[in-house]
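Listed below, chain by chain, are the residues.
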Amino acid sequence: MAPVRAVVGAAVVDDLRAPTRLLGARRTEPSTLAGGWEFPGGKVDPGESPQEALHRELREELGVSVVLGDQLTGPLGDGRWALGDAYAMTVWWAVVVEGVPEPLEDHDMLRWLTAADLYSVPWLPADLPIVDAVAARLR
Ligand SMILES: Nc1nc2c([nH]c(=O)n2[C@H]2C[C@H](O)[C@@H](COP(=O)(O)OP(=O)(O)OP(=O)(O)O)O2)c(=O)[nH]1
């Protein structure tokens, strides 16, 4: 079996200490995942640290600079979250410190989701446990 590939994702919120809104992003590719909502991010490239990869992905995909908060800890080793058999994702809380998020690459829609409408978009199935963990923190 091929090794699990590292993916990084951001739970971008309006406020790290008292989050009330999460930024969801709707994927455009591949066709099997298009239309599903996810945490912006992507694969860690060789030679990059996970945090470097996340800053790069958020700059490319959304056009923003962020400050990362704590890790949103998942059940796998190192606090990662399983995305099927092929990937495991490390997720950090994040806030935008420069720019306004736009769906520049890989997404065609962004939404700031409150606790009331967090589940109103069709999340990628693997993301649902992560969304639950966010929901537990949103005010
Ligand atoms: N970024 C991201 N990927 C997710 C999430 N949930 C989920 O199942 N995935 C899957 C989709 C992809 O198969 C894989 C991550 O790959 P990606 O397509 O985002 O990575 P990337 O931006 O580096 O893409 P590429 O350069 O290889 O095209 O993980 C999520 O919340 N965020």
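The model shown is predicted, which means the values in this text are computed figures rather than measured ones. (Residues numbered from 1 in each chain as written. Predicted model: local features only at pLDDT ≥ 70, side-chain atom pairs only at ≥ 80, totals over all residues. Heavy atoms only, no water.)

What follows covers the sheet that holds strand E2 (residues 21-27). By definition, the strands of a sheet pair up through backbone hydrogen bonds, in either a parallel or an antiparallel sense. Pairing within the open sheet is antiparallel, and its three strands lie in the order E3-E2-E8. Since the sheet does not close on itself, it has two edges, and those belong to strand E3 (37-38) and strand E8 (107-114), each with one partner. Sheet analysis places E2 next to E8, joined by seven bridges and oriented antiparallel. By the bridge assignment for E8, Ala-25 is matched with Leu-110. (Pairing = 2+ DSSP bridges. Helix = DSSP H or I, 4+ residues; strand = E, 2+ residues; numbered from the N terminus.)

Moving on to unusual backbone geometry. For the bond running from Glu-29 to Pro-30, omega is -20°, close enough to zero to count as cis. We note that Asp-78 has phi near 60°; this positive angle belongs to a residue other than glycine. Mapped onto the secondary structure, Asp-78 falls in the loop between strand E5 (65-71) and strand E6 (81-83). Of note in this structure, Asp-106 is not a glycine but carries a positive phi near 75°. Take Asp-106: it is sitting in the loop between strand E7 (87-98) and E8.

Surrounding the ligand, one finds 17 residues, the nearest of these being Arg-27, Glu-38, Phe-39, Lys-43 and Asp-127. The contact in question runs from an oxygen atom of the ligand to an N or O atom on the side chain of Arg-27, over 2.9 Å. In this structure, Glu-38 approaches the ligand through a side-chain N or O atom, which is 3.2 Å from a nitrogen atom. Secondary-structure elements contributing two or more residues to the shell around the ligand are strand E4 (41-43), helix H1 (50-62) and E7. (Near = heavy atom within 4 Å. Polar contact = N/O pair within 3.5 Å; in protein donor to acceptor, adjacent residues only side chain to side chain.)

This part takes up the pairing of E2. Two elements, E2 and E3, share two bridges in a ladder whose sense is antiparallel. In the sheet register, Arg-26 faces E3, and the bridge partner there is Trp-37.

Another point: the UniProt feature "domain: Nudix hydrolase" (unreviewed entry) in the protein. The sites that carry the UniProt feature "domain: Nudix hydrolase" (unreviewed entry) are, in the present numbering, residues 3-138. End C-alpha to end C-alpha, residues 3-138 measures 34 Å, and it is 15% helix and 37% strand. (UniProt positions renumbered as here; feature names shortened; annotations may be inferred.)

Before going further, it helps to spend a moment on the nonpolar core. Core analysis: the biggest nonpolar cluster contains 21 residues, and Ala-11, Leu-22, Phe-39, Leu-72, Trp-123 and Val-134 have the highest contact counts within it. For this core, the secondary-structure elements that each account for two or more residues are strand E1 (5-12), E6, E7 and helix H2 (128-135). In terms of residues, this core owes the most to one element, E7, which gives four residues. Ignoring sequence-local partners within four residues, the contact set of Ala-11 consists of Leu-22, Phe-39, Leu-72, Val-91, Trp-92, Trp-93, Ala-94 and Val-134. (Core = buried A, V, L, I, M, F, W, Y, C linked by side-chain atoms within 4.5 Å. Buried < 20%, exposed > 50% of the residue type's maximum accessible area, 1.4 Å probe, protein only. Contact = heavy atoms within 4.5 Å.)

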